[in-house]
Amino acid sequence: MEKILRTPAEAWAVGGMILIAVLALYVLAFDQGFLPSLAQGAPAFDLNFFHEAFHDARHAAGFPCH
Ligand SMILES: [Zn+2]
(Lines give C-alpha, C1' and ligand atoms only; values in the text may rest on other atoms or scores of the structure.)
Protein backbone atom coordinates (compact mmCIF):
# COMPACT_ATOMS: atom_id res chain seq x y z
CA MET A 1 0.00 0.00 0.00
CA GLU A 2 1.38 3.35 -1.04
CA LYS A 3 1.89 5.94 1.66
CA ILE A 4 0.09 9.24 1.11
CA LEU A 5 2.43 11.32 3.29
CA ARG A 6 5.93 10.30 2.22
CA THR A 7 8.10 12.69 4.22
CA PRO A 8 7.88 14.43 7.61
CA ALA A 9 7.76 17.77 5.77
CA GLU A 10 4.64 16.69 3.91
CA ALA A 11 3.03 15.53 7.14
CA TRP A 12 3.85 18.88 8.82
CA ALA A 13 2.48 20.80 5.82
CA VAL A 14 -0.81 18.88 5.81
CA GLY A 15 -1.09 19.13 9.60
CA GLY A 16 -0.44 22.88 9.47
CA MET A 17 -3.08 23.39 6.79
CA ILE A 18 -5.63 21.43 8.84
CA LEU A 19 -4.79 23.54 11.91
CA ILE A 20 -5.19 26.78 9.92
CA ALA A 21 -8.48 25.55 8.45
CA VAL A 22 -9.89 24.68 11.88
CA LEU A 23 -8.77 28.05 13.28
CA ALA A 24 -10.33 29.89 10.31
CA LEU A 25 -13.60 27.98 10.77
CA TYR A 26 -13.62 28.89 14.47
CA VAL A 27 -13.01 32.60 13.75
CA LEU A 28 -15.56 32.74 10.93
CA ALA A 29 -18.31 30.72 12.57
CA PHE A 30 -18.00 30.46 16.35
CA ASP A 31 -15.88 33.18 18.00
CA GLN A 32 -17.90 35.46 20.30
CA GLY A 33 -15.03 37.66 21.49
CA PHE A 34 -12.74 35.09 23.07
CA LEU A 35 -9.91 35.28 20.53
CA PRO A 36 -9.52 39.09 20.54
CA SER A 37 -9.88 39.05 24.33
CA LEU A 38 -6.52 37.31 24.52
CA ALA A 39 -4.98 40.64 23.39
CA GLN A 40 -7.66 43.19 24.36
CA GLY A 41 -9.00 41.77 27.60
CA ALA A 42 -12.60 42.08 28.78
CA PRO A 43 -13.73 44.87 26.36
CA ALA A 44 -13.35 42.41 23.46
CA PHE A 45 -16.47 40.54 24.61
CA ASP A 46 -18.57 43.74 24.25
CA LEU A 47 -16.92 44.76 20.95
CA ASN A 48 -17.29 41.19 19.61
CA PHE A 49 -15.33 42.05 16.48
CA PHE A 50 -15.39 38.73 14.61
CA HIS A 51 -19.10 38.23 15.32
CA GLU A 52 -19.91 41.65 13.87
CA ALA A 53 -17.51 41.26 10.93
CA PHE A 54 -18.83 37.86 9.79
CA HIS A 55 -22.40 38.15 11.07
CA ASP A 56 -24.26 37.95 7.75
CA ALA A 57 -22.04 35.12 6.51
CA ARG A 58 -22.73 33.19 9.73
CA HIS A 59 -26.48 33.50 9.29
CA ALA A 60 -26.31 32.67 5.58
CA ALA A 61 -24.33 29.53 6.38
CA GLY A 62 -26.73 28.55 9.14
CA PHE A 63 -24.41 28.88 12.13
CA PRO A 64 -26.28 29.73 15.35
CA CYS A 65 -24.42 32.92 16.28
CA HIS A 66 -27.03 34.19 18.77
ZN1 LIG B 1 -26.58 36.66 14.29
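These remarks concern the structure in this document. (Residues numbered from 1 in each chain as written. Predicted model: local features only at pLDDT ≥ 70, side-chain atom pairs only at ≥ 80, totals over all residues. Heavy atoms only, no water.)

**Looking at the packing of aromatic side chains**
- This model, assessed by the stated rule, comprises three aromatic pairs.
- The interplanar angle of 80 degrees and the centroid separation of 5.2 Å between the aromatic rings of Phe30 and Phe63 together place this pair among those described as edge-to-face. Here the residue Phe30 occupies a position in the loop between helix H1 (8–29) and helix H2 (34–40), and Phe63 occupies one in the segment after helix H5 (55–61), the gap between them amounting to 33 residues.
- On the basis of relative accessible area, Phe30 is assigned to the partly exposed category, the value being 44%.
- On the accessibility criterion, Phe63 (27% relative accessible area) is partly exposed.
- Taken together, a centroid distance of 6.3 Å and an interplanar angle of 5 degrees make the contact between Phe50 and Phe54 stacked.
- Among the aromatic side chains, those forming a connected cluster through ring pairs are Phe49, Phe50 and Phe54. (Phe/Tyr/Trp six-rings, centres within 6.5 Å; stacked < 30°, edge-to-face > 60°. Helix = DSSP H or I, 4+ residues; strand = E, 2+ residues; numbered from the N terminus. Buried < 20%, exposed > 50% of the residue type's maximum accessible area, 1.4 Å probe, protein only.)

**Quick look at a nonpolar patch on the surface**
- On the surface, Ile4, Leu5, Val14, Met17, Ile18 and Val22 cluster together into a nonpolar patch covering about 600 Å² of accessible area.
- Mapped onto the elements of the fold, Met17 is located in helix H1. (Patch = residues over 30% accessible without salt bridge, like charges linked within 9 Å, V, L, I, M, F, W, Y side chains within 5 Å. Areas by Shrake-Rupley, 256 points an atom, 1.4 Å probe, with all protein chains shown as cover. Salt bridge = Lys/Arg side-chain N within 4 Å of Asp/Glu carboxyl O.)

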